[in-house]
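# Examining the three-dimensional arrangement
Chain by chain, the residues run as shown.
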Amino acid sequence: MNSTTVAILDVNNEGSLAGSENKSARVLHSILKAEPDLKIIIVTGKKLRQSRLEGVDVFIIPGGGVMLHQQWVLGVRGRKIVRDFVRQGGGYFGICSGAFLATNARFGWLALVDVKLHDMKHQNRGGGLINVKLNADHVEAILSSEWTLKDTLPMLYWQGPLMLAPPYGQPTQAKRKKGFGTINEVASFASVIEPEDSENESIRFPEYFSDEHMSGHTACIHTTYGKGRVFLSSPHLELPEENQGMIPEIIRWTAQVEALSNST
């Protein structure tokens, strides 16, 4: 069995996924290390710049950190290494702040995906469990029938990006020359979070958890950048625990390897 090497960014630069900022990374590490065909390594910004992600198939920037801090951890050279890695055929998986950082919405971000973001002014709004609706037209390319037969799934939203996929997701010729690919909506937000349902009652701007600002906006996408594949999720699809089986399937798709046959 050929193994797929997955690198997870340690935003604390310690190489041990310690600290509250790496909670999402620790959950992902636990899920993926249980898969026999996946080899998991932890990279700091320094290690990434030294290794240039040589031998890595998929690079993950998880949620839990602040994208500006993640941007700083990678550095200018590190961000170029990540862009070159994906352009040349590597995979990128970004969750929450890792999804923010993959876009070209701000100068100095990774610019792997050409997508506009809604209501950045109130991005720091808090969160809680929210339902997402799967898009049958695009989810089957990535996930098995265990997931595609479901209409909606609960996920933990914690102030991730509200993406505005362009009509039909098709880039212009000029954008395509820069490496941007077609944006495919995998899931959209199907509900809002009521203040009384929020985790630790941490909703900061309850008026911005409304149908106008949440329902219908894109929650998860898949696309390409150059020869590489990109999967972005605004909510933490690794939580709740019942969703965790999706993670290895997304990784294998992003790595451009055939999915393992389901045992019967």
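Nothing here was measured: the structure is a model prediction, and the numbers come from that model. (Residues numbered from 1 in each chain as written. Predicted model: local features only at pLDDT ≥ 70, side-chain atom pairs only at ≥ 80, totals over all residues. Heavy atoms only, no water.)

What follows deals with the pattern of salt bridges. Evaluation of the coordinates by the stated rule reveals five salt bridges. Of the charged contacts in the structure, one is a salt bridge between Arg252 and Glu35, with a shortest N-O distance of 2.8 Å. Residue Arg252 is located in helix H8 (residues 246-254), and its partner Glu35 is located in the loop between helix H1 (23-33) and strand E2 (38-43); the two are separated by 217 residues in the primary sequence. Among the residues examined, Arg252 registers a relative accessible area of 6% and is labelled buried. Since its relative accessible area comes to 21%, Glu35 is described here as partly exposed. One network of salt bridges, in which partners are shared, links Glu35, Asp37 and Arg252. (Salt bridge = Lys/Arg side-chain N within 4 Å of Asp/Glu carboxyl O. Helix = DSSP H or I, 4+ residues; strand = E, 2+ residues; numbered from the N terminus. Buried < 20%, exposed > 50% of the residue type's maximum accessible area, 1.4 Å probe, protein only.)

As a further point, take the pairing of E2. With six bridges joining them, strand E1 (residues 4-9) and E2 adopt parallel strand pairing. Among the inter-strand pairings, Ala7 is bridged to a residue of E2, identified as Ile41. (Pairing = 2+ DSSP bridges.)

Within E1, six of the six residues are buried, which leaves the element mostly enclosed by the surrounding structure. Of the two faces of E1, the one carrying Thr4, Val6 and Ile8 and the one carrying Thr5, Ala7 and Leu9 are both buried. Regarding the hand of the β-α-β motif, the stretch spanning E1, H1 and E2 is right-handed. Note that E1 and strand E3 (residues 58-61) share three bridges and pair parallel. Paired with Val6 across the two strands is Val58, which belongs to E3. (Right-handed = clockwise from strand over helix to strand, strands pointing away.)

Grouped together as the largest cluster of nonpolar side chains are 41 residues, with contacts concentrated most on Ile60, Phe93, Phe231, Leu237 and Ile251. Beyond its immediate sequence surroundings of up to four residues, Phe93 is in contact with Val58, Phe59, Ile60, Ile61, Phe231, Leu237, Ile247, Ile250 and Ile251. (Core = buried A, V, L, I, M, F, W, Y, C linked by side-chain atoms within 4.5 Å. Contact = heavy atoms within 4.5 Å.)

Below, the discussion takes up the side chain of Glu238. Residue placement: Glu238 occurs in the loop between strand E11 (228-233) and H8. Within the buried set, Glu238 has no salt-bridge partner at all; the shortest N-O distance to an opposite charge, 8.6 Å, is to Lys23. Of note is the side chain of Glu238, whose polar atom sits 2.8 Å from the side chain of Ser24. Non-local contacts of Glu238, meaning those with residues more than four positions away in its chain, are made with Ser24, Val27, Leu28, Ile31, Ile95, Gln244 and Ile247. (Lys, Arg positive; Asp, Glu negative; His and termini not counted. Polar contact = N/O pair within 3.5 Å; in protein donor to acceptor, adjacent residues only side chain to side chain.)

The next thing to look at is the packing of H1 against H8. Packing of H1 against H8 leaves a shortest axis separation of 9 Å and a crossing angle of 80°. When the axis of H1 is compared with that of H8, the two are roughly perpendicular. Across the interface between the two elements, Leu28, Ile31 and Leu32 from H1 touch Ile247, Pro248 and Ile251 from H8. Residue composition of the contact of H1 with H8, by class: six nonpolar, no polar and no charged. (Axes fitted to C-alpha atoms, helices over the stretch in contact; angles between N-to-C directions. Parallel < 35°, antiparallel > 145°, perpendicular 65-115°, else oblique. Nonpolar A, V, L, I, M, F, W, Y, C, P; charged D, E, K, R; others polar.)

Per-residue pLDDT for the protein has a mean of 87; in total, 88% of the residues score no lower than 70. Of the regions scoring below 50 in pLDDT, residues 260-264 engages in three contacts with residues more than four places distant in sequence or in other chains. (pLDDT = per-residue confidence, 0-100.)

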